[in-house]
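Read off the chains here:
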Amino acid sequence: QQWIVFCVSTPLQAAVAECLEFAEQPFDGFLNYYQWLANEYKVRRELLVEALRSAEMVPMIPQGAFFVMADTQKLGFVGDTFPLELQALIDEGKLDIDQSTLNRRDYNLGRNLLIQARVSAIPPSAFYSDGNKFMADNQLRFAFCKSLPALEEAQRRFQDLMTIESRNSTE
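Residues numbered from 1 in each chain as written. Predicted model: local features only at pLDDT ≥ 70, side-chain atom pairs only at ≥ 80, totals over all residues. Heavy atoms only, no water.

**A closer look at the sheet that holds strand β1 (residues 58–60)**
Two orientations exist for strands paired in a sheet by backbone hydrogen bonds: parallel and antiparallel. For clarity, the cut-off: Should DSSP find at least two bridges between two strands, the strands are regarded as paired. Numbering of helices and strands runs from the N terminus, with a helix taken as a DSSP run of H or I at least four residues long and a strand as a DSSP run of E at least two residues long. Under this scheme, a helix contributes an axis fitted over its contacting stretch, all axes are lines through C-alpha atoms, and angles between N-to-C directions fall in the 0 to 180 degree range.
Taken in spatial order, the three strands make up an open sheet running β1-β2-β3, and their pairing is antiparallel. Each edge of the sheet is formed by a strand with only one pairing partner; in this case those strands are β1 and β3 (139–143). The average angle at which neighbouring strand axes cross in this sheet is 35°, direction not considered. As defined by bridge partners, β1 adjoins strand β2 (residues 67–71) across three bridges and the pair is classed as antiparallel. Residue pairing in the sheet places Pro59 in a bridge with Ala70 of β2.

**Brief notes about the pattern of salt bridges**
Threshold: The rule for a salt bridge is simple: a side-chain nitrogen of Lys or Arg has to be within 4 Å of a carboxyl oxygen of Asp or Glu. Under the scheme applied here, a residue whose accessible area is under 20% of the maximum for its type counts as buried, over 50% as exposed, and between as partly exposed, the area being computed with a 1.4 Å probe on protein chains only.
For the structure on display, the rule yields eight salt bridges. Asp80 is the partner of Arg105 in a salt bridge, and the nearest nitrogen-oxygen pair spans 3.3 Å. Here Arg105 is found in helix α4 (residues 105–117), whereas its partner Asp80 is found in the loop between β2 and α3 (84–91), with 25 residues between them in sequence. You can call Asp80 partly exposed: its relative accessible area is 32%. Linking Glu153 and Arg157 is a salt bridge whose minimum nitrogen-to-oxygen distance equals 2.9 Å. A residue pair is termed a helical-turn pair when its members lie 3 or 4 positions apart in one helix, as Glu153 and Arg157 do in helix α5 (residues 148–170) at four residues.

**Re unusual backbone geometry**
One non-glycine residue, Asp28, lies in positive phi territory at about 50°. Take Asp28: its relative accessible area is 60%, and that puts it in the exposed class. Backbone geometry at Glu56 places phi at a positive 65°, although glycine is not the residue there. According to the relative accessible area criterion, Glu56 is partly exposed, its value standing at 40%.

**Regarding the packing of aromatic side chains**
In plain terms, the rule: The rule is short: rings of Phe, Tyr and Trp, with Trp giving its six-membered ring, pair when the centres are within 6.5 Å, and they are stacked under 30 degrees, edge-to-face over 60, tilted in between. Whether a charge sits over a ring comes down to the Lys NZ or Arg CZ being within 6 Å of the ring centre and within 35 degrees of the ring normal.
If you walk through the whole model with that rule in mind, you get seven aromatic pairs. Ring centres of Tyr33 and Tyr34 lie 6.0 Å apart, and the angle between their planes is 70°; on these two criteria the pair is classed as edge-to-face. Accessibility expressed as a relative area gives 35% for Tyr34, which makes it partly exposed. Here the aromatic cluster, defined as three or more aromatic residues joined through ring pairs, consists of Phe27, Tyr33, Tyr34 and Trp36. The aromatic ring of Phe67 is capped on one face by Arg141, whose charged end is 3.5 Å from the ring centroid.

**Things to note about the pairing of β3**
Successive residues of a regular strand alternate their side chains across the two faces of the sheet. Here β3 lies mainly inside the structure; five of its five residues are buried. By the alternation rule, side chains of β3 split into Gln139, Arg141 and Ala143 and Leu140 and Phe142, which are all buried. As paired strands, β2 and β3 are joined by five bridges and run antiparallel to one another. Looking at the pairing, Phe67 lines up with Ala143 of β3.

**What to know about the packing of α4 against α5**
Between two packed helices, the angle of one axis relative to the other and the distance separating the axes together describe the packing. The condition that has to hold: Angle categories are assigned with fixed cut-offs, so that under 35 degrees is roughly parallel, over 145 is roughly antiparallel, 65 to 115 is roughly perpendicular, and the rest are oblique. Two residues qualify as a contact provided that any one of their heavy atoms is within 4.5 Å of a heavy atom in the partner residue.
Relative orientation of the contacting elements α4 and α5 amounts to 90°, with a least axis distance of 10 Å. One element, α4, and the other, α5, form an angle in the roughly perpendicular class. For the pair formed by α4 and α5, the contact residues are Leu113, Gln116 and Ala117 on the first element and Arg157, Phe158 and Leu161 on the second.

**Comments concerning a nonpolar patch on the surface**
Put simply, the rule is: Each patch is built from salt-bridge-free residues with over 30% relative accessible area, joining like charges within 9 Å and nonpolar side chains (Val, Leu, Ile, Met, Phe, Trp, Tyr) within 5 Å. For accessible areas, the Shrake-Rupley method is used with a probe of radius 1.4 Å. Any residue's cover is judged against the shown protein chains and nothing else.
On the surface, a nonpolar cluster with roughly 370 Å² of combined accessible area is contributed by Leu12, Val16, Leu20 and Tyr34. Examining the composition of the nonpolar patch, we find that three residues originate from one element, helix α1 (residues 10–23), more than from any other. Mapped onto the secondary structure, Tyr34 falls in helix α2 (residues 33–54).

**Here's the deal with α2**
Which entries qualify depends on this criterion: Given the number of residues in a helix, its expected span is that number minus one, multiplied by 1.5 Å. N or O atoms closer than or at 3.5 Å make up a polar contact, with two conditions inside protein: a donor-capable atom paired with an acceptor-capable one, and, for residues adjacent in sequence, both atoms drawn from side chains.
Over its 22 residues, α2 extends 32 Å from the first C-alpha to the last, a length consistent with the 32 Å expected when each residue adds 1.5 Å. Within α2, the full set of buried residues consists of Trp36, Arg44, Arg45, Leu47, Leu48, Val49, Ala51 and Leu52. Contacts from the buried residues of α2 go to β1, β2, β3 and α5. The opening residue of α2 is Asn32, an N-cap whose side-chain oxygen sits 3.0 Å from the backbone nitrogen of Tyr34. Among the residues trailing α2, Glu56 stands out with phi positive, at a value near 65°.

Written out as structure tokens, the structure is:
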């Protein structure tokens, strides 16, 4: 890395400059590539937001990121304690987990969501200082920089999870 500023690849610079010029041209029905790309991410963001809402989460819609934070207070039925399935793997020496996350609600909710719905979320307390981790207890972070089929599958899995919960709550 230290040499990159002194040893710039001239052909690479020329190629990047050409790509930047090309990106300003009309692209796939849009004024330029950047507008097309922004629209692609907007479609994905809206799909994820819809999926999160269908799972009774309250999304915070970003204006410039490819992650959506969601309030998970209504997802208690998923389970916010450490999953027994993972404890068995730890006991067998097949899984190593940071002990400081065992009692974190965001981590455990994310773990249980992965087990029950097969949808992965990022526990946001990982980005907080120790004294502020509690502020992420009721939050999960979801990425929408995925293919449309992957996001549609996540939406279907959330719907399946809610259907199962609906049945369980009426029994």
